[in-house]
Amino acid sequence: MNTPVEGFSKLSKEEKIDWIANNCTKDPKVTKLLLEQYWNPDPEIQKKHDEFIENTISNYYLPFAVAPNFLINDKLYAIPMAIEESSVVAAASKAAKYWLQRGGFKAEVVGTEKVGQVHFMFHGDTKKLQRFFDDLKPSLLESTASITKNMEKRGGGIKNIELRDLSDKVKGYHQLHCTFETLDAMGANFINSCLEQFAKTLKEKASTCEDFTSKEKDIEVVMSILSNYVPNCLVRAEVSCPVSALDEDDLPADVFAEKMVQAVEIAKVEPYRAVTHNKGVMNGIDAVILATGNDFRAVEAGVHAYASKQGSYSSLTHASIEDGVFKFWIEVPLALGTVGGLTSLHPLVKLALEILQNPSAKELMQIVAVAGLAQNFAALRSLVTTGIQKGHMKMHLLNMLNQMGATESEKKQLVQYFKNNTVTNASVKEALQKIQSQ
Ligand code: MEV
């Protein structure tokens, strides 16, 4: 039975593991598992991992893979992916090869604007607040000069600060809606530091504003925080080819193209399908985001908000057939960084970026959008032709065999056997038992 614990964070890692072993599990091998099997033998590397978060007791591994042969804007990339789900990397690689033979992917960054807001309450004359804000703007910029200095030297910084009146929605609610350019950094720390300084300056200046009544002087700052909704930090990726070049084993090219367009049209109007459709897109996007040390929760939140921007949840990808040309594209908001954060701290993140030829944040946006598009293309291609299970269960076969404790030689025989037989949990169990009884 788990019991409350005092001062857990102050315990050493070994003591924390002891506490887990004594209170949370009956597994006698837990200490070995945490302290030996998943602990990095290099103390330097282990220390880095320990310090990423609090209360670290071990490392949690995900497979780190590479999907090669992505031709993006005429440059060839091998894309690193960190993901637990079988089939995703295989599907990405297959889509990469497919489009390599058809001209590759084209990608462009539409915008790189990041957003942050100071949310505050003002009860009084809105016109006076607007006048006060017009005077305040230079002071806001001045008060953040030491934070923005380096970013400005590189061409980034604060782009705009706007006063927004939302008091019709929440009594007294106003905001400073601010936009930023953070170049190769994701920019969360930069943006939040600027916003907290804006909030301080706003409150201070309001408290001495002669135009304000004492009630108006008392601006109440509720919070200052960046927004993960970044519709203007947008990237577009695309593939296209003549319909006749879409040769499939199972379908004539024109029927295949038509079915692909129909699959996208369905995801545009049917939220139940759109969520799964976009989940497939995110299989590709999240895997690269994780491998490159970016914040997948931020990207997930922003992408799904973007998918709902018309008021109903819809597809992130689009498809058309015009004048005999099949076109398939994606538009996604992606606030990414290739400097700062984990990028120089996590050895595998560093390697992932090196494998990607040390991209700028803009290049990484293009690569990640392509990974999402490729994943969606591969999923739809399976869905409208053979069905998803054929490929999926084949990939899942090894997981099942591992779970059933099959030996290497049994796995080899069964992979061969299931090349021509349907993979189900029952059929795999039966085939394994048959081999084992021989
Ligand atoms: C599975 O992880 C993803 C798919 O369901 C995506 C889709 O249905 O488009 C195959």
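Higher on the page you've got the structure.
Below you will find a few notes about this structure. Along each chain, the written sequence defines residue order, and numbers are assigned to residues from 1. The model is predicted, so local features are restricted to residues of pLDDT at least 70 and side-chain atom pairs to those at 80 or more, both for listing and for counting; the totals for chains, interfaces and linings are taken over all residues. Heavy atoms throughout the structure, all of them, feed into the side-chain values; hydrogens and water do not.

Overview of the layout of surface pockets
- Points on a 1 Å grid over protein atoms alone make up a cavity when a 1.4 Å probe fits among them but cannot get out, and a pocket when they form an open set with protein on both sides within 12 Å along at least five of seven lines; lining residues each have an atom within 4 Å of a point. Grid points are joined across faces, edges and corners, and a volume is the space filled by probe spheres set on the points. Approximately 1500 Å³ is the volume attributed to the largest pocket.
- In this structure, the largest pocket is lined by 38 residues; those nearest its centre are F52, G293, L342, H346 and V349.
- Counted as a void, the second largest pocket has a volume near 860 Å³.
- Around the second largest pocket sit 34 residues that line it, and A91, A378, S382, I388 and G391 are the ones nearest its centre.
- Runs of H or I in DSSP of at least four residues are treated as helices and runs of E of at least two as strands, each being numbered from the N terminus. Listing elements by their share of the lining of the second largest pocket, those giving two or more residues are α4 (88–100), α10 (271–291), α13 (361–384) and α14 (388–403).

Some details on the pattern of salt bridges
- A carboxyl oxygen of Asp or Glu within 4 Å of a side-chain nitrogen of Lys or Arg is what we treat as a salt bridge. Going through the model one piece at a time under the given rule, you end up with 15 salt bridges.
- A salt bridge links D74 to K106, with the shortest nitrogen-to-oxygen separation between them at 3.6 Å. With a gap of 32 residues between them, D74 in the loop between β1 (64–72) and β2 (75–82) and K106 in strand β3 (residues 106–109) connect regions that are remote in the sequence.
- Residue burial is assigned from relative accessible area. The probe radius is 1.4 Å, only protein chains are included, and a residue is buried under 20% of its type maximum, exposed over 50%, and partly exposed in between. What makes D74 exposed here is its relative accessible area of 61%.
- Looking at K106, the relative accessible area reads 39%, which means it is partly exposed.
- For K128, the salt bridge goes to E216, with nearest N and O atoms at 2.8 Å. Taken as a pair, K128 in helix α5 (residues 126–143) and E216 in helix α8 (residues 214–217) lie far apart in primary sequence, 88 residues in all.
- Exposure remark for K128: the relative accessible area of 14% places this residue in the buried category.
- What you see here is one network of salt bridges that share partners, running through R236, E238 and E331.

As far as function goes, none of this settles anything; it's purely spatial.
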